[in-house]
Protein chains: 2
Amino acid sequence: MRHSLEVMFEPTAVVVIGGSSEPDKLGGRPIHYTRSAGFEGDLMVVNARAKEPVQGLPTFKSVDDIDRPVDHAIIVVPAPHVAEALEACGRKGIKAVQVLTSGFAEVSEDGIAEQGRLLEIARRHGMRMLGPNCLGIVGVHNRFHATFATVLAAFLPTPGGLGIVTQSGAFGACAYTMAIQRGIGLSRIVATGNEADIDVAECIDFMAQDPRTRVICAAIESCRDGDRLRRALRAAAAAGKPVVIMKVGVSAIGAAAAATHTGSLAGDDAVFDTVFAECGAWRARTIEEMMDIASLLVIGPLPRNQSAGIVTLSGGLGVLMADVCAHAGLELPPLPAGAAERVKALLPFAAMANPLDMTAQAEPIPNGWQRVVRTMLEHTDWGTVFVYIAAKAAAPARFESSLPVLAEIRRDHPDRCIVLIGPSDTGIRQSLEQMGFVIMDDPSRAVVAAGAAAKLASRRATLNAAHTATATAPRHALPAVLDEASAKGLLGRYGIPLLPEQVCVDAETAVAAATSMGYPVAMKIVSPDILHKTEVGGVALNVRDENALRDAFARMLSRVRSAQPEARISGVLVTPMATGGVEVIMGVQHDPVFGPMMMYGLGGVAVELFKDVTFASAPLTRGSAQVMVDSVRSSALFDGWRGGPRMDKDAVVDALCMLSEFAIDHAQAIAGAEINPFLALPNGGFCLDALIHLKPSTVS
Amino acid sequence: MRHSLEVMFEPTAVVVIGGSSEPDKLGGRPIHYTRSAGFEGDLMVVNARAKEPVQGLPTFKSVDDIDRPVDHAIIVVPAPHVAEALEACGRKGIKAVQVLTSGFAEVSEDGIAEQGRLLEIARRHGMRMLGPNCLGIVGVHNRFHATFATVLAAFLPTPGGLGIVTQSGAFGACAYTMAIQRGIGLSRIVATGNEADIDVAECIDFMAQDPRTRVICAAIESCRDGDRLRRALRAAAAAGKPVVIMKVGVSAIGAAAAATHTGSLAGDDAVFDTVFAECGAWRARTIEEMMDIASLLVIGPLPRNQSAGIVTLSGGLGVLMADVCAHAGLELPPLPAGAAERVKALLPFAAMANPLDMTAQAEPIPNGWQRVVRTMLEHTDWGTVFVYIAAKAAAPARFESSLPVLAEIRRDHPDRCIVLIGPSDTGIRQSLEQMGFVIMDDPSRAVVAAGAAAKLASRRATLNAAHTATATAPRHALPAVLDEASAKGLLGRYGIPLLPEQVCVDAETAVAAATSMGYPVAMKIVSPDILHKTEVGGVALNVRDENALRDAFARMLSRVRSAQPEARISGVLVTPMATGGVEVIMGVQHDPVFGPMMMYGLGGVAVELFKDVTFASAPLTRGSAQVMVDSVRSSALFDGWRGGPRMDKDAVVDALCMLSEFAIDHAQAIAGAEINPFLALPNGGFCLDALIHLKPSTVS
């Protein structure tokens, strides 16, 4: 079955509507670039005012005048005429339309309405539409350079396995130029602009099944359909095509800029991090980092594990690279004894460690560093070997003699990621890349790129089937009023452990409850109208006996009534006082793009000051809940902090899974829910407080 | 007065001892490179076995045979012959010697001893020595290419203002190659190797007064003399020469590698961060980052403030750059109304914000983006303006016409840092750089580099005179025994506020003390032998009345005696129970390289789990103590956390200054001291516990 974007990327007959005879103008460039590149399909122009063929192509007054089949249109007429042109395309039976024209949702309210009209026209005629306000498509192997990006005039792409899809055209042009400058072969480049119809996710999905594309680079500014993005990323991972993706808008300032740039809300940054990782993609933080990783992925085998070795001509650079390895998640296992012995025979003064500093002794030995690299490969299963070769590859005359030795190493070890580091001559670099050796100038960037590739490989290997929320009715219905007691009651029905508690309407009942539970107890006001109990005097902790309880009961009611006279009070909750243990916080938040997202962290300043929290898409598996608990830095507190007892991590994992079940059951109704704190104890744990927020539409 | 390294860098007559006639060999390269470069001083060779002049130079059998004056020697003979050659240099009256030969402290214990012998010989003859095991010196303007680095054969340096000094030769070669590849002009390059005599600090000090050098890049692996490094960095800052410095060995793995690589201990990474910042230098994290910043510093004026504007052809890249600005400490003020009005007249659809997205409308307007940049410069005082120009500078034919407009902008605004972003043609880049415009490919790297330059400028402006420790006798002597009570007593004499407390030898005295202080009280065992009181049952908190006190007293003594029977017990300390407030930790640690370093952070998990601490060299000024308190993330807890009261920040600042005075007074004797916790209250604060550790040599 053909992908629905096939005609968008692989057209056979293309009309440029509004095409100009001046090859340098916006409306002339797509024609000029596509013709110069040598596109083999039919190419024609619609231009109402043209007296002669535009740029030598068949030229028509209107779409309706075209006398031959057309499957793809590029619209470059001014904004007020786009809708009319689109209708004409529909009448003609064209299936794919790119609207390069700007002046729609990105400029005004009227523009938003007009863009909606374009989408309606496209849908009505069964056309797929790219844009408006987009830079268009560059097909490299089919020479379909349908863009007005001037970068094409400066740098022509060579065919290869890298596909680039970005929302912003200028962002794409920047990535594209970097790819070309470093000689990465390209399959397709596409910028989606205002995304009225086709978005970045759908283009990733196309590239996932596109035989021309082996590696995908993507950049998004916003996302309107989280599940489509998830499916596309998983499709790429399943097809063995690594995705390196950027999402801009990570800081407060950045988010403000994103709000003025597009009409859509920038999603929560941590949520994007989470979703990308869950779907097997790698999030790059700079365009250059994205291209570093892409070039490594296009050239060589992915690292097969997280272990790495470093061979260096400079101890200092070895240390630097070891530091970056630690940050990039690459392990440096010690040099095995067998390897050390062999290297020692060759280089008696080298420090037998990983990093292995060959020192200047290696200099006079024929193929010295190559022999050391071979020894490392033979004696270890390390996925990546880094070799700092100083400026050796910058001197072609000297270096060429070592190419055959390297070819043998590659032949004997085809599945290792081997990264040479140092400045290089262009010809030497190309030879090395063809042999499957990566060579990069900067040691830190090389390690970061290889670390990302290793992570991509491991994410691909552990990628689970997507969990989707069930659409069945909730197992336990929402209560009418969502105060603390009923929130806890509902969560309790999902299995979340609660301390005994009783809502007491008078002091007598409270005394009886406390007596049966045992002192000390905690007391809390129960009211659907009070969110922050402490601030209105609605909490008493460590209440030690009956007198203290009666006293606390009376004072609590009087303080709450004077602080918030209109609040409905259901009573006072009495519960045994729980102490010791570690307080954690767990919650679920409904993300407008990605649905219910689970949150977990340590209670108190760890969450609020240090943002030591982690996220995962709901529903959780036991495995993903365990990963959450282990991935916050404060998980150290579970393992016997300062000589104290170990806390029951399993109880926390269980509670997270139960909260996830609750969240999926009530995904339609709930904006968020939070257990804060959940007290983890040496044996088990308890939800001490809980809040459930409904979506505005659910509140009656 | 001439700098003592003058002859090392500016020799007039040079002998290569052990020089080889083969220009490709280690011993032949310094001769070959220096001759090819066109060094104008005398050049000669000592080679006992040479039958004819080596590489056409005057050649002697021994140093003693040389018949003319010599002021500089390059030693390349094998290690066992170096000492002998050095003695001969001394006899000849040579003042500067580079020992390129390896096989000394970096390989073995014997090598360490032999290196000590070399230093002794050099000192005895009043010679300065570079190395051993070093890559040597490259003087660019005097064409003194005294190195065996093959990189010189691949890339010849052009003269300019950047000086590079590194400990590791291969590290230096990598930095050097990058500098040359991006066309940065160089003054001098030097690698110090084993640093028996001359270290990186002294080379920085030389470059600080060297008229050829305007910007300094440095890389160290270890530092043996902290004050020399401090003085050198301050000398460079005072001379208006920015220093960009790397210190490798930042992670545990990295430190392990550093330990095998050099004989010296890697200093604490946070301490280096602190010292670099205090001395006006910028610490770079990758070689490439170092070169990015250096190229920006060499080209243009330093940003005069932390404000920046972004002009972009891509909204997405504007967002990306805004994000990086936030991380790099650059502020993006809103576009002033006057500027917005003028831009609006030019570009009606542009989003009037900072970043300013010009959109595709700017395309057809002659000098569109240049006019927007000029408007920004005229209506703001922003130190830096970033302009994303896509691939415009990659097309020389089109771009050249805009050079005169840019020249006018530069003439009218000579003191602004203007950074263009996008791929560029080499010729265009050179023209722009000559005009004082920076142009870089990657937007993120450009922002990081400009942010660093802005920080360097502000550090230079606020650089204080160095505070040095006084050498006078301590104002308050150390007590004989350093248990908690006497440690607090001593700190109290420096003004640090303490709660009333009394060491009580029996329960009766304790009851009397508590009665006069008022209940509740805290009780703690007092013993010079017990460091962790809680673990032996030596702490009782919140003791509410006489009965509870008697009970606690008896139980504490019995528990401590059974846990640690041999401990000397001075009594039980009774003090009023202090609650509320924010617990902070402050301390001083004697760093073997940099002397007493002050530490400050929030108590509890914030310090131990999140390392939310900050350091500063002692002695502190009030200003530097304030910076410490403000720079930890947990300082938010002082400003009314969750609606609570504000805490007294001044009391914490005062205590830090007092602890600093104490630390300077006792710098000779003390390994470390710590107040943990210091309780900050809404009014004032108290030291609740303190520890003082003596240096091993001080413990009697």
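Since we're looking at a predicted model, the values are computed, not measured.

### What to know about the overall build of chain A
Looking only at helices and strands, chain A has 24 helices and 28 strands in total. Dimensions of chain A, computed from C-alpha atoms along their principal axes, come out at roughly 95 × 80 × 40 Å. When each of the 700 residues of chain A is scored for burial, the buried share is 59%. Within chain A, residue pairs in contact and separated by at least 24 positions form 71% of the contacts whose partners lie at least 6 positions apart. For chain A, the computed accessible surface area is about 26,800 Å², with 53% contributed by carbon and sulfur atoms. One finds the centroid of the 62 positive side-chain charges in chain A at a distance of 4 Å from the centroid of its 73 negative side-chain charges.

### Observations concerning the interface of chain A and chain B
Taken residue by residue, the interface counts 73 residues in chain A and 72 residues in chain B. With both sides pooled, the region where chain A packs onto chain B buries about 5,900 Å², and carbon together with sulfur makes up 67% of that total. Area buried by chain A at its contact with chain B is led by Val319, Leu609 and Phe610 of chain A, which between them contribute 11% of it. The salt bridge partner of Asp24 of chain B is Arg398 of chain A, with a shortest N-O separation of 2.8 Å. Seen at the junction of chain A and chain B, the total is 10 residue pairs in polar contact (both at pLDDT 80 or more). Among the elements of the structure, α5 (151-154), α6 (169-181), α9 (252-261), α11 (287-299), α12 (315-328), α18 (443-462) and α22 (605-608) of chain A are those that each provide at least two residues to the side of chain A that touches chain B. For the side of chain A that touches chain B, the leading source of residues is α12 of chain A, giving nine residues. Taken together, the residues of the side of chain A that touches chain B break down into 38 nonpolar, 17 polar and 18 charged.

### Notes on the sheet that holds strand β14 (residues 308-312) of chain B
All names here are of chain B. Strand order in the open sheet formed by five strands is β15-β14-β16-β17-β18, with parallel pairing between adjacent strands. This sheet does not close on itself; its edge strands, each paired only once, are β15 (356-357) and β18 (438-440). Here β14 runs beside strand β16 (residues 384-388); their pairing, made up of five bridges, is parallel. Looking across to β16, one finds that Ile310 is bridged to Phe386. Along the sheet, helix α18 (residues 443-462) makes contact with β16, β17 (417-421) and β18, crossing β16 at roughly 175°.

### Observations regarding the relation of the copies chain A and chain B
With an RMSD of 0.1 Å, the fit of chain A onto chain B corresponds to turning through 180° and sliding 0.0 Å along the axis. On this basis, the relationship between the two copies can be described by a two-fold rotation axis. Interface residue correspondence from chain A to chain B reaches 99%, placing this contact among same-surface, isologous pairings.

### Looking at a positive patch on the surface
Among the surface-exposed residues, Lys611 and Arg633 of chain A together with Lys611 and Arg633 of chain B lie close enough to one another that they form a single positively charged patch. With respect to the helices and strands, Lys611 of chain B occurs in the loop between α22 (605-608) and β25 (613-617). Looking at Lys611 of chain B, the relative accessible area reads 57%, which means it is exposed.

### Quick word on the sheet that holds strand β20 (residues 521-526) of chain B
All names here are of chain B. Strand order across the open sheet formed by four strands is β19-β22-β20-β21, with antiparallel pairing between neighbours. The open sheet terminates on both sides in strands that have one partner only, identified here as β19 (502-504) and β21 (539-543). Between one strand axis and the next, the sheet turns through 25° on average, direction left out of account. Bridge count for β19 against strand β22 (residues 571-576) is three bridges, and the pairing is antiparallel. Each residue of the ladder has a partner; that of Val503, found in β22, is Leu573.

### Remarks on the pattern of salt bridges
Residues and elements named next belong to chain A. Within the structure shown, the criterion is met by 83 salt bridges over all chains. A salt bridge links Arg188 to Asp210; the nearest nitrogen and oxygen atoms lie 2.7 Å apart. Of this pair, Arg188 sits in strand β10 (residues 186-191) while Asp210 sits in the loop between α7 (200-209) and β11 (215-220), placing them 22 residues apart in sequence. Each member of the pair, Arg188 as well as Asp210, is classed as buried.

### With respect to the pairing of strand β10 (residues 186-191) of chain B
All names here are of chain B. Here β10 lies mainly inside the structure; six of its six residues are buried. The pairing of strand β7 (residues 136-139) with β10 spans four bridges and is classified as antiparallel. From the neighbouring strand, Val138 faces β10, where its bridge partner is Ile189. Two strands pair when backbone bridges link them, and strand β9 (residues 159-166) and β10 are joined in this way by six bridges, in the parallel orientation. Bridging from a neighbouring strand, Gly163 pairs with Arg188 of β10.

### Some points on the side chain of Ser187 of chain B
Residue and element names in this part refer to chain B. Its location among the elements puts Ser187 in strand β10. In terms of polar contacts, Ser187 uses its side chain to reach the backbone amide nitrogen of Gly163, at 3.4 Å. Apart from residues no more than four positions distant in its own chain, Ser187 is found in contact with Val138, Gly139, Val140, His141, Gly160, Gly161, Leu162, Gly163, Arg212 and Thr213.

### Notes on the nonpolar core
The nonpolar side chains of soluble globular proteins are, as a tendency, buried together. The biggest cluster of nonpolar side chains holds 310 residues, and the ones touching the most others in it are Leu162 and Phe386 of chain A together with Leu162 and Phe386 of chain B. Membership of the second largest hydrophobic core comes to 84 residues, among which are Ala618 of chain A together with Leu482, Tyr600 and Ala625 of chain B.

### Concerning helix α23 (residues 622-631) of chain A
One full turn of an α-helix is made of 3.6 residues, so residues set three or four places apart face in the same direction. All names here are of chain A. Looking at α23, one finds that the buried residues are Ala625, Met628 and Val629. The buried residues of α23 occupy an angular sector of 95° when projected down its axis, which confines them to one face. Buried residues along α23 sit against β24 (595-602), β25 (613-617) and α24 (649-665).

### What about the state of the cysteines?
Note on terminology: disulfide describes a covalent bond linking the sulfur atoms of two cysteines. Residues and elements named next belong to chain A. Applying the stated rule across the entire model yields zero disulfides over all chains. Left without a disulfide partner, Cys504 is nearest to the cysteine sulfur of Cys687, which lies 18 Å away. Residue class for Cys504 comes out buried when judged on its relative accessible area of 0%.

### Considerations on the packing of α6 of chain A against helix α12 (residues 315-328) of chain B
At a minimum axis separation of 6 Å, α6 of chain A and α12 of chain B run at an interaxial angle of 75°. In this view, α6 of chain A runs roughly perpendicular relative to α12 of chain B, as classed from their interaxial angle. Every residue of α12 of chain B that contacts α6 of chain A at Ala170, Phe171 and Cys174 of chain A is listed here: Gly316, Leu317 and Leu320 of chain B.

### A few points about helix α21 (residues 546-563) of chain B
If you check α21 of chain B, its first and last C-alpha atoms are 26 Å apart, about what 18 residues at 1.5 Å a residue would give, namely 26 Å. Buried residues in α21 of chain B make contact with β19, α20 (507-517), β20, β21 and β22 of chain B.

### Quick look at unusual backbone geometry
The peptide bond linking Asn676 of chain A to Pro677 of chain A adopts the cis configuration, its omega dihedral lying at 5°. With respect to the element layout, Pro677 of chain A can be found in strand β26 (residues 670-680). A cis geometry characterises the amide bond from Asn354 of chain B onward to Pro355 of chain B, with omega recorded as 10°. Despite not being glycine, Asn542 of chain A has its phi angle at roughly 60°, a positive value. Summarising the element assignment, Asn542 of chain A is placed in strand β21 (residues 539-543). A relative accessible area of 36% means that Asn542 of chain A is categorised as partly exposed.

### With respect to the environment of Glu331 of chain A
All names here are of chain A. In this fold, Glu331 is placed in the loop between α12 and α13 (337-346). With 24 residues separating them in the primary sequence, Glu331 and Ser307 have C-alpha atoms 4.7 Å apart. With residues near it in sequence (within four places) discarded, Glu331 still touches Gln306, Ser307 and Ala308.

### Focus on the side chain of Ser617 of chain B
All names here are of chain B. Relative to the helices and strands, Ser617 resides in strand β25. Side-chain polar atoms of Ser617 contact the side chain of Arg230, separated by 2.8 Å. In this structure the side chain of Ser617 is engaged in a polar contact, spanning 2.4 Å, whose partner is the side chain of Glu278. When neighbours within four sequence positions are excluded, Ser617 is seen to be in contact with Arg230, Thr274, Val275, Glu278, Pro596 and Met597.

### Structural notes on the packing of α12 of chain B against α18 of chain B
Residues and elements named next belong to chain B. Contact geometry of α12 with α18 gives a least axis separation of 9 Å together with a crossing angle of 30°. The angle between α12 and α18 falls in the class roughly parallel. Crossing of α12 over α18 shows right-handed handedness. Taking contact as the criterion, the partners of Leu317, Leu320, Met321, Val324, Cys325 and Ala328 in α12 are, on α18, Pro443, Ser444, Val447, Val448, Gly451 and Lys455.

### Points about the confidence of the model for chain A
All names here are of chain A. With 94% of its residues at a pLDDT of 70 or more, chain A shows a mean pLDDT of 89. Between residues 250-267, whose pLDDT stays under 50, and residues either more than four places distant or in other chains, the model counts 31 contacts. Reported for the predicted complex are a pTM of 0.88 and an ipTM of 0.83.

Conventions adopted
- Residues numbered from 1 in each chain as written.
- Chains lettered and ligands numbered in written order.
- Predicted model: local features only at pLDDT ≥ 70, side-chain atom pairs only at ≥ 80, totals over all residues.
- Heavy atoms only, no water.
- Helix = DSSP H or I, 4+ residues; strand = E, 2+ residues; numbered from the N terminus.
- Buried < 20%, exposed > 50% of the residue type's maximum accessible area, 1.4 Å probe, protein only.
- Contact = heavy atoms within 4.5 Å.
- Areas by Shrake-Rupley, 256 points an atom, 1.4 Å probe, with all protein chains shown as cover.
- Lys, Arg positive; Asp, Glu negative; His and termini not counted.
- Charge placed at Lys NZ, Arg CZ, Asp CG, Glu CD.
- Buried area = accessible area lost by both parts, 1.4 Å probe.
- Salt bridge = Lys/Arg side-chain N within 4 Å of Asp/Glu carboxyl O.
- Polar contact = N/O pair within 3.5 Å; in protein donor to acceptor, adjacent residues only side chain to side chain.
- Nonpolar A, V, L, I, M, F, W, Y, C, P; charged D, E, K, R; others polar.
- Pairing = 2+ DSSP bridges.
- Axes fitted to C-alpha atoms, helices over the stretch in contact; angles between N-to-C directions.
- Least-squares fit on C-alpha atoms with pLDDT ≥ 70 in both.
- Patch = residues over 30% accessible without salt bridge, like charges linked within 9 Å, V, L, I, M, F, W, Y side chains within 5 Å.
- Core = buried A, V, L, I, M, F, W, Y, C linked by side-chain atoms within 4.5 Å.
- Arc of directions from axis to C-beta.
- Disulfide = S-S within 2.5 Å.
- Parallel < 35°, antiparallel > 145°, perpendicular 65-115°, else oblique.
- Expected span 1.5 Å × (residues − 1).
- Left-handed = near helix turned anticlockwise from the far one by under 90°.
- pLDDT = per-residue confidence, 0-100.

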